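# Summary of the model geometry
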Amino acid sequence: MHLEKIKICNFRNYSPSEVELSPRLNILCGKNGQGKTNFLEAIAFLTLGRSFRTRRDEDLIKAGEKEFYLKGKFRSSEEDLILEVGNDLSRVVVKVNGLPYKSKRELFGRVRTVIFTPDDLQIIKGGPEKRREFLDLYLAQAYPDYRQIYLRFYRALYQRNALLKKLREGRRDLNELEVWTNRMVEEGSRVVLYRRQTMEEIGASLNHYHQLMSNEQETLHCLYKGSGSLPDTLDLTAIQEGFWRSLLRRSDDERRRGYTLVGPHRDDLQIQMNQRWELRVYGSQGQQRTAALALKLAMVDLIEKTQGKAPLLLLDDVFSEFDSDRKQELLRLLTVGTQTVISTTELKTTAALAGPLKLFSVASGVISAE
Ligand SMILES: Nc1ncnc2c1ncn2[C@@H]1O[C@H](COP(=O)(O)OP(=O)(O)OP(=O)(O)O)[C@@H](O)[C@H]1O
Ligand SMILES: [Mg+2]
């Protein structure tokens, strides 16, 4: 599935405009602060139902205007798909092939999208929640089941935490807790199983991309680190048993603190370079960026494998901070496959790109094909 045409009205610094994209490679070029990231944000908003930069839709409305509106026409060999979203802050309008829906969440998952932005350095450097967010966003796109399981897990966790808090204040009895613990363990173990299977599944392509971009100098490995005890096997029952054991071990502590101390909401990924160095601690900025990008490219492969269709790939400012070798390898990678939209301030970086590509210049919220 690729984005054929997008209409952007009063979104960020864009006045109403319509853009036709290449099904392969698209390059947005412009100086700082002109609207390159905004354009990628518009595509991401249409396909994910939210922005990667803000949770507040009012930030997205062009200053001085009352509403924004986006419309994307997507095409694959089997179907056409039209996604629309608008918000005037009193009402969100969402349409899929012309049919209205109530929530922006309905946009999610119809067109898969992998995004890389400079902020993704946080997947390596930031706290565990950044790595969980990364996993959850792409697993939900790779496995349609995952999103439901994950939401059910969080609902159970939320209820269980509320109950633990009341128990601490002596306002509830223990029987109620068991109901929510059961549900949390059941859904949470499935979340863990999906996540761990995925880390095994993408291991080889993750390392492959990182090695390619680092001239075979560095290997990259990513391990799933449970907050409780995890079995060596990828077996649901064994994961559930481990979850129960860890909860029992921490139950006094939980009661004292009033919230759940083990589970997928506290798990993490350990990202290692050359099988030894934890990248978060020892990696240089360029190595960390390479790893973050390799993680995203591995997700492209995963989604293509599970969905049978490659996702859109949005790469914001991907060339900055890479040395010339890494840039060259990255350029080679980009000339194959999936529809890609890249933003850059330096057009000469991309001069080596071969194959069908479409070039756009972006200046003061106006985008035009070269
Ligand atoms: N709601 C809004 N209304 C009007 N302008 C906005 C709004 N939100 C952001 N902008 C403007 O959009 C511009 C930033 O756009 P964007 O982040 O896309 O830049 P960019 O081309 O990616 O630049 P860089 O190369 O620095 O990353 C800024 O000038 C900012 O003031
Ligand atoms: Mg930008």
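Residues numbered from 1 in each chain as written. Chains lettered and ligands numbered in written order. Predicted model: local features only at pLDDT ≥ 70, side-chain atom pairs only at ≥ 80, totals over all residues.

### Considerations on the domain arrangement of the protein
Under the domain assignment, the protein is made up of domain 1 (1-112 + 313-370) and domain 2 (121-308). Taking only C-alpha atoms into account, the centre of domain 1 sits 29 Å from that of domain 2. In this assembly, 13 residues from domain 1 lie in contact with 15 residues from domain 2. It is helix H10 (residues 324-334) that provides the largest number of residues to the side of domain 1 that touches domain 2, a total of five residues. (Domains from an automatic or database assignment. Contact = placed C-beta atoms within 7 Å. Helix = DSSP H or I, 4+ residues; strand = E, 2+ residues; numbered from the N terminus.)

### Quick word on helix H4 (residues 144-168)
Within an α-helix, residues lying three or four positions from one another point in the same direction, as the helix has 3.6 residues per turn. Compared with an ideal rise of 1.5 Å per residue, which puts 25 residues at 36 Å, H4 spans 37 Å between its outermost C-alpha atoms and is within 8% of the ideal. Every buried residue of H4 is listed here: Tyr146, Ile149, Tyr150, Phe153, Ala156, Leu157, Arg160, Leu163 and Leu164. At the C-terminal side of H4, Gly170 shows a positive phi close to 75°. (Expected span 1.5 Å × (residues − 1). Buried ≥ 20, exposed ≤ 12 C-beta atoms within 10 Å, placed from the backbone.)

### A closer look at the site of ligand 1
The local shell around ligand 1 holds 17 residues, among which Asn13, Asn32, Lys36, Thr37 and Asn38 are the closest. Tallying contributions element by element places helix H1 (residues 36-48) first for the shell around ligand 1, with three residues. Residues of the shell around ligand 1, tallied by class, amount to three nonpolar, nine polar and five charged. (Near = placed C-beta within 6 Å. Nonpolar A, V, L, I, M, F, W, Y, C, P; charged D, E, K, R; others polar.)

### Looking at helix H6 (residues 236-249)
Here H6 contains 14 residues, and its C-alpha end-to-end distance of 20 Å stays within 8% of the 20 Å for a straight helix at 1.5 Å per residue. The set of residues buried in H6 consists of Ile239, Gly242, Phe243 and Leu247. Down the axis of H6, the buried side of the element spans an arc of 135°, and every buried residue falls inside it. In H6, the exposed positions that point more than 90 degrees away from the buried face belong to Thr237 and Leu248. Elements in contact with the buried residues of H6: helix H5 (174-213) and helix H7 (251-257). (Arc of directions from axis to C-beta.)

### Topic: the sheet that holds strand S8 (residues 113-116)
Spatially, S8-S12-S13-S3-S14-S15 is the arrangement adopted by the six strands of the open sheet, whose pairing is mixed. Every other strand in the sheet has two partners, leaving S8 and strand S15 (366-369) as the edge strands with one partner each. Across the sheet, the mean angle separating the axes of adjacent strands is 20° when strand polarity is ignored. Taken together, the four bridges between strand S14 (residues 357-363) and S15 define a ladder with antiparallel strand orientation. Bridge pairing in S15 links Ser361 to Ser368. (Pairing = 2+ DSSP bridges. Axes fitted to C-alpha atoms, helices over the stretch in contact; angles between N-to-C directions.)

### Let's talk about the environment of Ser368
Locating Ser368 in the fold gives a position in strand S15. Among the residues examined, Ser368 registers 11 C-beta atoms within 10 Å and is labelled exposed. Sequence spacing of Ser368 and Glu20 is 348 residues, and the spatial spacing of their C-alpha atoms is 9.8 Å. Excluding residues that lie within four positions of it along the chain, Ser368 makes contacts with Phe360 and Ser361.

### Observations regarding the sheet that holds strand S9 (residues 220-225)
With antiparallel pairing, the three strands of this open sheet are ordered in space as S9-S10-S11. In this open sheet, the two edge strands, each paired with only one partner strand, are S9 and strand S11 (277-278). Judged from the two bridges that link them, strand S10 (residues 268-273) and S11 form a sheet pairing that is antiparallel. Looking across to S11, one finds that Met273 is bridged to Trp277.

### Section: the pairing of S10
The alternating pattern of S10 places Leu269, Ile271 and Met273 on a buried face and Asp268, Gln270 and Gln272 on a face that is not buried. Where S9 and S10 come together, six bridges link them in antiparallel fashion. Note on S10: the bridge partner recorded for His221 is Gln272. Count of turn residues in the S10/S11 antiparallel hairpin: three residues, of which Asn274 carries a positive phi of about 50°.

### As for the nonpolar core
Counting 90 residues, the largest nonpolar core has Ala42, Ile43, Ala294, Leu295, Ala298 and Leu314 as its most contacted members. When residues of this core are assigned to domains, at least three map to each of domain 1 (1-112 + 313-370) and domain 2 (121-308). Residue contacts for Ala298: discarding those within four places in its chain leaves Ile202, Ser205, Leu206 and Tyr209. (Core = buried A, V, L, I, M, F, W, Y, C linked by C-beta atoms within 7 Å.)

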